[in-house]
Amino acid sequence: MKKTAQLARQMIKAIGCANGLAGRQLGCENAVEVIKASPYFTNVQQRIPLEWGKIIEEVNTGRHASALSGVTQTCRQLAHETRQVIENKDELLVFGGDHSCAIGTWSGVATAMRPHGDIGLIWVDAHMDAHTPDTSDTGNIHGMPVAHLLGFGDKNLVKIGDRMPKLLPHNLCMVGIRDYESAEQELLERLGVRIFYANEVEKRGIQDVMQEAQYLVTRNTIGYGLSIDLDGFDVSYAPAVGTPSADGINALEFIKALLTIDLTKLIATEIVEFLPRFDDNQRTSEQLVSSLVEYIYKTKQFQINSVNEIAARVNKSETIQKVSQAM
């Protein structure tokens, strides 16, 4: 029971990345500041054991293709922070920023976990984000993190943390995809990445899809992460995004689905692409970010505590039986 209590109090360390120069529109760099000051998130912090760690300020070397050097430096800093959190055995929660920060987040996590095994990743997004500098027409690096985590693209970005690919294709699942370009699709399908397109999610339901995704990213790994881009959700639930796409995931159903998947192997969570100036008067997107954090970590804590309580009862029962047999 002491172990259960300890797990219940395990600290969630929140790391921020105030980056936005690699996105289509500026503004995501303000997301961390808004979340920290949010009354909704303040309420969440009263219900889960969370403390803020370092906030990474992006290095500005320009926009589009010119942002490459700055993104590299920013992601190196972020990878250093996320690696430290994992090595300290704290829960890791990352707030971006545009989705280019994922290169830093998961490079740090993968490097920290490398001695123990490979990591899996569920990527919730409207987009594949699997361009390289050579295939992207816009040069926006927020559309490139998946390719770089798989080992394709700019040589400096793929070597952040260590020289190995941070993800193996069969350990990656993409959920809610509906807006992409042929070069991205060709790369991911050639590599064998499991893509749950939006029409499959609509047909099967997000609960069924997330259960399969969670199975796929844990069958050959030490654990897995969640990278959640708000534009993966329907715009009625997440209006504050810079690259909205129609017919997204029902956010309420997604939260319900979280209650049905195994979160005990969740290593880290990343939430990105919140663009505060596009939020509505009800601050719907801001509320969604807060709800996601609360339900992910309260559910994980409940699952871990339940498993350990059952294990403690089984051990106690076995001990009683051994004593009885000895008598």
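All figures in this text were calculated on a predicted structure; none of them were measured in a lab. (Residues numbered from 1 in each chain as written. Predicted model: local features only at pLDDT ≥ 70, side-chain atom pairs only at ≥ 80, totals over all residues. Heavy atoms only, no water.)

Glancing now at the pattern of salt bridges. If you walk through the whole model with that rule in mind, you get 15 salt bridges. Put simply, Glu 51 and Lys 13 hold a salt bridge, and the shortest N to O gap is 3.6 Å. With Glu 51 in strand E2 (residues 50-57) and Lys 13 in strand E1 (residues 12-18), the pair connects residues that are 38 residues apart, well separated along the chain. Residue class for Lys 13 comes out buried when judged on its relative accessible area of 17%. One network of salt bridges, with partners in common, ties together Arg 194, Glu 200, Arg 204, Asp 208 and Glu 212. (Salt bridge = Lys/Arg side-chain N within 4 Å of Asp/Glu carboxyl O. Helix = DSSP H or I, 4+ residues; strand = E, 2+ residues; numbered from the N terminus. Buried < 20%, exposed > 50% of the residue type's maximum accessible area, 1.4 Å probe, protein only.)

The next subject is helix H5 (residues 102-113). The first and last C-alpha atoms of H5 sit 16 Å apart over twelve residues, in line with the 16 Å expected at 1.5 Å per residue. Within H5, the full set of buried residues consists of Ala 102, Ile 103, Gly 104, Thr 105, Trp 106, Ser 107, Gly 108, Val 109, Ala 110, Thr 111, Ala 112 and Met 113. (Expected span 1.5 Å × (residues − 1).)

The topology assignment puts Ile 12 in strand E1. Residue classification places Ile 12 among the buried residues on the basis of a relative accessible area of 0%. For the pair Ile 12 and Ser 291, spaced 279 residues apart in sequence, the C-alpha to C-alpha distance is 15 Å. Beyond its immediate stretch of four places on either side in the chain, Ile 12 contacts Ile 48, Pro 49, Leu 50, Glu 51, Glu 91, Leu 93, Tyr 297 and Gln 301. (Contact = heavy atoms within 4.5 Å.)

On to the packing of aromatic side chains, then. This model, assessed by the stated rule, comprises five aromatic pairs. Note on Phe 41 and Trp 52: the rings are 6.0 Å apart at their centroids and 65° apart in plane angle, and the pair reads as edge-to-face. Separated by eleven residues along the polypeptide, Phe 41 in helix H3 (residues 39-45) and Trp 52 in strand E2 bring together distant segments of the chain. A cation sits over an aromatic face here: Lys 36 above Trp 52, 5.2 Å from the ring centre. One cation-aromatic arrangement involves Arg 194 over Phe 196; the distance from NZ or CZ to the ring centre is 3.9 Å. (Phe/Tyr/Trp six-rings, centres within 6.5 Å; stacked < 30°, edge-to-face > 60°. Lys NZ or Arg CZ within 6 Å of the ring centre and 35° of its normal.)

Running from N to C, helix H4 (residues 68-87) and H5 point in directions that differ by 40°, and their axes come no closer than 7 Å. Relative to H5, the element H4 is oriented oblique. The handedness of the crossing between H4 and H5 comes out as right-handed. Contacts between H4 and H5 involve Cys 75, Leu 78, Ala 79, Thr 82, Arg 83, Ile 86 and Glu 87 from the former and Ile 103, Gly 104, Thr 105, Ser 107, Gly 108, Val 109, Thr 111, Ala 112 and Met 113 from the latter. Here the residues of the contact of H4 with H5 sort into eight nonpolar, six polar and two charged. (Axes fitted to C-alpha atoms, helices over the stretch in contact; angles between N-to-C directions. Parallel < 35°, antiparallel > 145°, perpendicular 65-115°, else oblique. Left-handed = near helix turned anticlockwise from the far one by under 90°. Nonpolar A, V, L, I, M, F, W, Y, C, P; charged D, E, K, R; others polar.)

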